[in-house]
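Residue strings, one per chain:
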Amino acid sequence: MITPDLYQRYQQRLLAGDRRACGEIVQQLLDDGIGLEELYLDLFQTALYEVGSLWERNRISVAVEHTATAITEALMSLAYPRLFQVRRIGRTAVVTCATGELHQVGARMVADSLEMRGWDAHFLGSNTPLPDLLRYVDDTKPELLAISMSISSSLPRLQQSIPQIRSAQQDLTIAIGGQAFRLIGEDPFADQPKVHVLSAMSDLLTLVA
Amino acid sequence: MQDSGTTALVRLRAATRSVHQQLQGCSFVTALVAGEASKAAYGGFLQVMALLHAAIDRAGQELADPTLREFAASTGRRGRAAQRDLAALGLPPEPPTAALRESMVVAEEILWAGLAEPEALVGALYVMQGSRQGASDLLPLIAEHFGDDVPQEFWSTGIEGRADDWTRFVAALDAHTLAATSPACELATRLFVQLGRALDALHPLAATDGSAAMAINPEAGNHVVVTEARRLVAATVAGLRCWRDYPYYEARFGARGRRYGSSDSAWITALVDETEQSALRQLDWLAGLLTSRGMPTLLLERQLRYLHDELRDFVELDESRCAVLLRAADTLGDRRRTHLHDEAIETLSARFEAAAPLALADVASLVACAVADECDGHTQAVPSLTSWLADEARHGEAFSAAVTQLLADARSAARSTSPLGVQR
């Protein structure tokens, strides 16, 4: 259970760049049997959203933001021993970031969340060139392609990419989400079949349930 | 009687002789002569030409001499011809990043000269009018290497009437006298040098080196920017006009800030292609981001208005496309006036300038606007500005005290205006 006190303590250490203290908090939560979704959404995601907000308001530097992100990505791996025990269900997803997008932690959370439900999630990381993504999707034949976009200025490139992906993979379900859509508002892919812009992780999990 | 040794033409020739020769020996020109330049490299050449010609066109609008202004406009027509040739070749408007980086450096210098020192543009015009003289030597090479059906409007536009134009241009130059180290000679030299560097990057064609945004500003990251020549020029000049209006920018943020101004402006320009809702939300987000970094919304509002005007007048973008920038600017202005009327800001500014006359004369309105931004919920608006402005070690005790008094007065004025009062 992530209490407000524990969250504050974690967030304070995260902003201080104290990887060891953050790791101890997360390991204790795992030892206490915390659900992985709770860990991801109520601790990692909430803390990083706050970090982003602090950066936007110039309360922390971009270096602190990057440190906090790197620590979070490292801590996610503490959950992997439990993650890999989940029984596979024979469903495959490819999870990537929009072309040009350098923020990958959101996509990694999506990949892990699918793994928690028994999916085989291929996480490609940040800024995968479109031709390579197309080849990878062709090789792995996923039923879902999840694309994360944190920066709204990545939208024009994503709008160019989607028709090319669709042309190569006519039946593929494409889910798009990320912090960028706070600013974009209306669904820019509303006229595209089987392309879903999702505002929360829970929407993705409902889509693929 | 005028000393013929100091006429502009003589000075410009002497000042640029060596860099002119270097340009003629650059790798792209050598490859073109040898029939080894690739079509992509030739496309890059046209893209560089489109950008530099557009920059001279826009900057030249600031020239007082109508003959020189017309030469700048005709340079713009050649730039447009280069763009049409590019489109006919089926190549994108974005130069290879290394070439874009080198040509943007001097494009910005040309645009700044237009705003701050228009007489320096004589140097840029000299380079581009001179380049027309060699066009008839290069055109047969282009046709031989890429085929007779290769689009040639850029070249034919340059060749047509060039002898008469050169005579008229030299006559116009004769009206000017230049010192050997004049801004015009320096700009001509810079243009030759940067053009040479840009063309050197085209053969062998350098691998993509970072994003277009990073070519404009190496620290910008990988966000979208406009790259079409005239839009990029419009974006850059809008940022520079703001820079000129507010000496605070230069004093506080220096060259690094100016690069961010250009890359941000090139991103904002790309927003006109998005839906209105999306563009407005992103601009609102940017306003908050900048306000927290010592740039009150007044600055973004000004830049949006300039950018709207540049896109409408220079790019000739349909009003329906660029009106979103005005709407965003109006929103920022309306929100500020909710908390602090324009008249109150004028009164505060007048009082401050009387108490503390100095180079940073623009800051009174910025402090007042920051107070309004603070009332609007931007909690960092004031501290991010005054942490620098009221720094005694930097500006002295008297100025610091004047800023502190101005802040108190602005907060008092806002308290009597804002429906929310001042939130500290």
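Residues numbered from 1 in each chain as written. Chains lettered and ligands numbered in written order. Predicted model: local features only at pLDDT ≥ 70, side-chain atom pairs only at ≥ 80, totals over all residues. Heavy atoms only, no water.

Engineer: Honestly, the packing of aromatic side chains in this entry has me stumped. Any pointers?
Structural biologist: For any two aromatic rings, the description comes down to two numbers: the centre-to-centre distance and the angle of the planes. Summed over all chains, the structure comprises 16 aromatic pairs over all chains. Consider the rings of Tyr80 of chain A and Phe84 of chain A, whose centres lie 5.4 Å apart with planes at 45°: the pair is tilted. With 5.8 Å between their ring centres and 65° between their planes, Phe352 of chain B and Phe399 of chain B make a pair best called edge-to-face. Note that Phe352 of chain B is positioned in helix α17 (residues 342–355) and Phe399 of chain B in helix α21 (residues 397–417), a separation of 47 residues in sequence. When its relative accessible area of 3% is taken as the criterion, Phe352 of chain B is described as buried. Aromatic rings pair up to connect Phe28, Tyr42, Phe45, Phe146, Phe154 and Trp155 of chain B into one cluster. Above the face of the Phe314 of chain B ring, Arg230 of chain B is positioned so that its terminal group lies 3.9 Å from the ring centre. Stacked on the ring of Trp55 of chain A, the Lys or Arg Arg293 of chain B has its end atom at 4.7 Å from the ring centre. (Phe/Tyr/Trp six-rings, centres within 6.5 Å; stacked < 30°, edge-to-face > 60°. Helix = DSSP H or I, 4+ residues; strand = E, 2+ residues; numbered from the N terminus. Buried < 20%, exposed > 50% of the residue type's maximum accessible area, 1.4 Å probe, protein only. Lys NZ or Arg CZ within 6 Å of the ring centre and 35° of its normal.)

Engineer: How should the layout of surface pockets be read in this particular structure?
Structural biologist: If a probe as big as a water molecule is rolled over the atoms, it shows which places are left empty. Empty space within the second largest pocket amounts to approximately 1100 Å³. Along its surface, the second largest pocket is lined by 39 residues, and Arg157 and Gln160 of chain A together with Glu94, Ala212 and Thr227 of chain B are the ones closest to its centre. Every element with two or more residues in the lining of the second largest pocket is listed here: α8 (155–168) of chain A together with α3 (39–60) and α11 (212–216) of chain B. Tallying contributions element by element places α8 of chain A first for the lining of the second largest pocket, with six residues. (1 Å grid on protein atoms, 1.4 Å probe; cavity = no way out; pocket = protein on both sides within 12 Å on 5 of 7 lines; lining within 4 Å. Points joined across faces, edges and corners; volume = space filled by probe spheres on them.)

Engineer: What's the story with the packing of helix α6 (residues 121–133) of chain B against helix α10 (residues 183–200) of chain B in this structure? I'm lost.
Structural biologist: In a pair of packed helices, the angle between the axes and the distance between the axes together describe the arrangement. Residue and element names in this part refer to chain B. At a closest axis distance of 6 Å, the pairing of α6 and α10 adopts a crossing angle of 40°. The orientation of α6 with respect to α10, classified from their angle, is oblique. Here α6 and α10 pass one another in a crossing that is right-handed. Touching Leu121, Val122, Gly123, Ala124, Tyr126, Val127 and Met128 of α6 are Ala184, Leu187, Ala188, Leu191 and Phe192, all from α10. Grouping the amino acids of the contact of α6 with α10 by side-chain chemistry returns 11 nonpolar, one polar and no charged. (Axes fitted to C-alpha atoms, helices over the stretch in contact; angles between N-to-C directions. Parallel < 35°, antiparallel > 145°, perpendicular 65-115°, else oblique. Left-handed = near helix turned anticlockwise from the far one by under 90°. Contact = heavy atoms within 4.5 Å. Nonpolar A, V, L, I, M, F, W, Y, C, P; charged D, E, K, R; others polar.)

Engineer: In this structure, what is going on with unusual backbone geometry? I would like to understand it.
Structural biologist: Excluding glycine, a negative phi dihedral is what most residues carry, and trans is how most peptide bonds are arranged. Look at the link from His203 of chain B to Pro204 of chain B: it is a cis peptide, with omega at -5°. Position of Pro204 of chain B among the secondary structure elements: in the loop between α10 and α11.

Engineer: How should I be thinking about the pattern of salt bridges in this particular structure?
Structural biologist: According to the stated counting rule, one finds 39 salt bridges over all chains in the structure shown. A salt bridge links Arg13 of chain A to Asp18 of chain A; the nearest nitrogen and oxygen atoms lie 3.1 Å apart. For Asp18 of chain A, a relative accessible area of 22% translates into the label partly exposed. Note that Asp120 of chain A is salt-bridged to Arg88 of chain A, the shortest N-O span being 3.3 Å. Of the two residues, Asp120 of chain A sits in strand β2 (residues 120–123) while Arg88 of chain A sits in the loop between α5 (80–83) and β1 (92–97), which places them 32 residues apart along the sequence. Residue Asp120 of chain A is classed as partly exposed on the basis of its relative accessible area, which comes to 30%. Linked through salt bridges whose partners overlap, the residues forming this network are Glu301, Arg305, Asp330, Asp334, Arg336, Arg337 and Asp342 of chain B. (Salt bridge = Lys/Arg side-chain N within 4 Å of Asp/Glu carboxyl O.)

Such coordinate-based values are descriptive only and should not be taken to indicate function.
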